[in-house]
Amino acid sequence: SQTIHQWPATLVQPVGSPLSLECTVEGTSNPNLYWYRQAAGRGLQLLFYSVGIGQISSEVPQNLSASRPQDRQFILSSKKLLLSDSGFYLCAWNLYTNTEAFFGQGTRLTVV
Amino acid sequence: TQLLEQSPQFLSIQEGENLTVYCNSSSVFSSLQWYRQEPGEGPVLLVTVVTGGEVKKLKRLTFQFGDARKDSSLHITAAQTGDTGLYLCASYTPLVFGKGTRLSVIA
């Protein structure tokens, strides 16, 4: 069966420090991959999505970047974190448009 | 990218009451999904609606897709405390979400 792993679960980082969040999917090939950020109690803001290796689409211009070095690996990065980068980050995958998306357990990022 | 508007933003009701939440867009949906999210977890799919006018039932939850495929509603009958959560509508392409309705059912 397919599973998605996202880590770390919790992260506290100082302003100006770098960030790397990793997400991997098992049990499927060529998934669509997504990164979302969620403010407390609110909806999901799409940050990046990828339909294949090396193919990244950015939805919101900011100091974050994403990479997909392998088929089932999606990485969210920042060179210098801002206070406003704090939030709940979720990785998700699905196989095709209009099909169910499956989410990781999320990373709670606090920038201090 | 399609924009989805959800209402109400917050809803607090007593156990046993009925409620309806809404999802609207100025654009036509190719399909629409409803998810439910618990605190600290990722959203979980409840239903996908595809055809205009479609009605789907999931136990006490009834989902409707507007005839013009620009709006959808979720109706919960006899709400229970276990229904508490954040209800999100979503559509493609890419997969974008509304801001959600936070439902609190009080015993």
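Everything here concerns the structure above.
Heads up: these notes are all about the structure in this document. (Residues numbered from 1 in each chain as written. Chains lettered and ligands numbered in written order. Predicted model: local features only at pLDDT ≥ 70, side-chain atom pairs only at ≥ 80, totals over all residues. Heavy atoms only, no water.)

**Overview of the interface of chain B and chain A**
Right, so step 1: Listed per partner, the contact involves 25 residues of chain B and 23 residues of chain A.
Right, so step 2: Of all residues in chain B, Tyr92, Pro94 and Leu95 of chain B give up the largest surface area on contact with chain A, accounting jointly for 24% of the area buried on that side.
Right, so step 3: The interface formed by chain B and chain A includes zero salt bridges.
Right, so step 4: On inspection of chain B and its partner chain A, the count reaches nine residue pairs in polar contact (both at pLDDT 80 or more).
Right, so step 5: Looking at which element gives the most residues to the side of chain B that touches chain A, the answer is strand β4 (residues 32-37) of chain B, with three residues.
Right, so step 6: Split by residue class, the side of chain B that touches chain A holds 10 nonpolar, 12 polar and three charged. (Contact = heavy atoms within 4.5 Å. Buried area = accessible area lost by both parts, 1.4 Å probe. Salt bridge = Lys/Arg side-chain N within 4 Å of Asp/Glu carboxyl O. Polar contact = N/O pair within 3.5 Å; in protein donor to acceptor, adjacent residues only side chain to side chain. Helix = DSSP H or I, 4+ residues; strand = E, 2+ residues; numbered from the N terminus. Nonpolar A, V, L, I, M, F, W, Y, C, P; charged D, E, K, R; others polar.)

**Remarks on unusual backbone geometry**
Right, so step 1: A cis amide bond links tryptophan 7 of chain A with the next residue in sequence, proline 8 of chain A, at an omega value of 0°.
Right, so step 2: Within the secondary structure layout, proline 8 of chain A lies in the loop between β1 (3-7) and β2 (10-13).
Right, so step 3: Geometrically, the link from serine 7 of chain B to proline 8 of chain B is a cis peptide bond, its omega value of -10° lying close to zero.
Right, so step 4: Mapped onto the secondary structure, proline 8 of chain B falls in the loop between β1 (5-7) and β2 (10-14).
Right, so step 5: Look at asparagine 98 of chain A: it is not a glycine, yet its phi comes out positive at around 75°.
Right, so step 6: By the element assignment, asparagine 98 of chain A lies in the loop between β9 (87-94) and β10 (102-103).
Right, so step 7: Of note in this structure, alanine 78 of chain B is not a glycine but carries a positive phi near 50°.

**Structural notes on the side chain of threonine 28 of chain A**
Residues and elements named next belong to chain A.
Right, so step 1: Position of threonine 28 relative to the elements: it lies in the loop between β3 (19-26) and β4 (32-38).
Right, so step 2: By relative accessible area, which is 9% here, threonine 28 ends up buried.
Right, so step 3: Not counting chain neighbours up to four residues away, the residues in contact with threonine 28 comprise Gln2, Arg72, Trp93 and Leu95. (Buried < 20%, exposed > 50% of the residue type's maximum accessible area, 1.4 Å probe, protein only.)

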